Amino acid sequence: MKYIWRIIVIIFCVIIVIGFAFMTRIMPQTRSNLFVFNDRYTDMKQVYENTFELSKVDKIQIDYGSEDIEIYPSESADLEIKEFMNYDPNKSELSTLWRTGGTLAIEEGDHDYIFFSGIGKHKRIEIYIPEDYSDAVSIHLGSGKLAIDMDMILTEFDLDLQSGSAAIGKIDAEKSDIDLSSGKISIDELSGRQDIDVSSGNLELGMTTGDGDYHCTSGQIDLKVSEVVGDMNIDVTSGKIDVTLPEDSEFLYESKVTSGDIDTYFETKSIDDDEREASVGSNPSNRVKVKVTSGKVNLDQY
């Protein structure tokens, strides 16, 4: 009986060790806060560099898990990638680049999840995109940090952030699709048609053209609108959306509240128990529709 219990204890300890190693690898930011090893970028060195010619590329697709990604402008006609690590990687751990049709895929390398071997390992990727690149960019990041330190004029911009954070400068795209599962996204300027979905976390748009769909399941969205140039559909399942509009904005307003609250800087009139409407400005044409299932929406002016 004692022998059986010893085996059970050993198995239990092994499971704890494996779980500890796995969680510290896939949650690098939490790990760095809870466990004091070395600074995140201590002893970082460049371990990989590559370039890719973009004449046949109309979409750049970037897909990483927990790495930190930094995007910069380049005067070169080619895309360039540099990878930094604080350890000597295997070849399989390096980023990969390949083109399928018009899509250039940039993806992370393999990870090492064996016991404690992943603890303290960090990666940082620098991607240099030609300043005159004007097609589509799609970014998926599971965790970690994203920084875009360049102004982009694109046909399409897609960002899917599961966790972590993103700090972005100016994006002018015909269409932007942004999905935030958890964490934080901050964008200085965003222009064009927008489809924004926040499941949890916080999304801040420093300045944006009002044109698109804005859905918040939980968390918060902050929008500062430079001009209402199209229809805005604001939908809050739970959470909060703050919208700040110019003083001279003109639009037709409609709202419906199941549970929650909507505050506006203008007067509205009731058309049903849970529906209200308003005409803002002297010659409105675009529509601002607000639907609140639960939560809160604030419409203010500046």
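Here, every reference points to the structure presented above.
Residues numbered from 1 in each chain as written. Predicted model: local features only at pLDDT ≥ 70, side-chain atom pairs only at ≥ 80, totals over all residues. Heavy atoms only, no water.

(A) Here's a closer look at the pairing of strand β8 (residues 136–141). The buried fraction of β8 amounts to five of the six residues, a majority that puts the element mostly inside the structure. Across six bridges, strand β2 (residues 59–64) lies against β8 in parallel orientation. Note on β8: the bridge partner recorded for I62 is I139. Summarising the sheet, β8 and strand β10 (residues 152–161) pair through six bridges and their orientation is parallel. Residue pairing across strands places S138 opposite D158, the latter belonging to β10. (Buried < 20%, exposed > 50% of the residue type's maximum accessible area, 1.4 Å probe, protein only. Helix = DSSP H or I, 4+ residues; strand = E, 2+ residues; numbered from the N terminus. Pairing = 2+ DSSP bridges.)

(B) Molecular detail of the pattern of salt bridges. By the definition in use, this model includes 12 salt bridges. A salt bridge links K269 to E277, with the nearest nitrogen and oxygen atoms 3.7 Å apart. A relative accessible area of 27% places E277 in the partly exposed class. A cluster of three or more residues bridged by salt bridges with shared partners is formed by E70, R124 and E126. (Salt bridge = Lys/Arg side-chain N within 4 Å of Asp/Glu carboxyl O.)

(C) Layout of the environment of E250. Within the secondary structure, E250 is located in the loop between β15 (240–245) and β16 (251–257). Each C-alpha atom, one on E250 and one on S285, is 7.4 Å from the other, the two residues being 35 residues apart in sequence. Not counting residues up to four positions away in its chain, the partners in contact with E250 are V280, G281, S282, N283 and P284. In this structure the side chain of E250 is engaged in a polar contact, spanning 3.0 Å, whose partner is the side chain of S282. (Contact = heavy atoms within 4.5 Å. Polar contact = N/O pair within 3.5 Å; in protein donor to acceptor, adjacent residues only side chain to side chain.)

(D) Summary view of the environment of K91. Among the structural elements, K91 can be located in the loop between β4 (78–85) and β5 (96–100). For the pair K91 and G109, spaced 18 residues apart in sequence, the C-alpha separation works out to 8.4 Å.

(E) Representation of the packing of aromatic side chains within the structure. This model, assessed by the stated rule, comprises four aromatic pairs. With centroids separated by 5.0 Å and ring planes inclined at 75°, the aromatic side chains of Y253 and F266 adopt a geometry described as edge-to-face. Of this pair, Y253 sits in strand β16 while F266 is found in the loop between β17 (261–264) and β18 (269–270), placing the two residues 13 residues apart along the sequence. The exposure class of Y253 is buried, given its relative accessible area of 2%. We classify F266 as buried; its relative accessible area is 12%. Here Y265 and F266 contribute two aromatic rings whose centre-to-centre distance is 5.0 Å and whose plane-to-plane angle is 85°, an arrangement assigned as edge-to-face. Judged by relative accessible area, Y265 falls into the partly exposed class, the value being 23%. Pairwise contacts between aromatic rings join F251, Y253, Y265 and F266 into one cluster. Stacked on the ring of Y87, the Lys or Arg K121 has its end atom at 4.6 Å from the ring centre. Between K224 and the ring centre of Y302, over which it is positioned, the NZ or CZ distance is 4.7 Å. (Phe/Tyr/Trp six-rings, centres within 6.5 Å; stacked < 30°, edge-to-face > 60°. Lys NZ or Arg CZ within 6 Å of the ring centre and 35° of its normal.)

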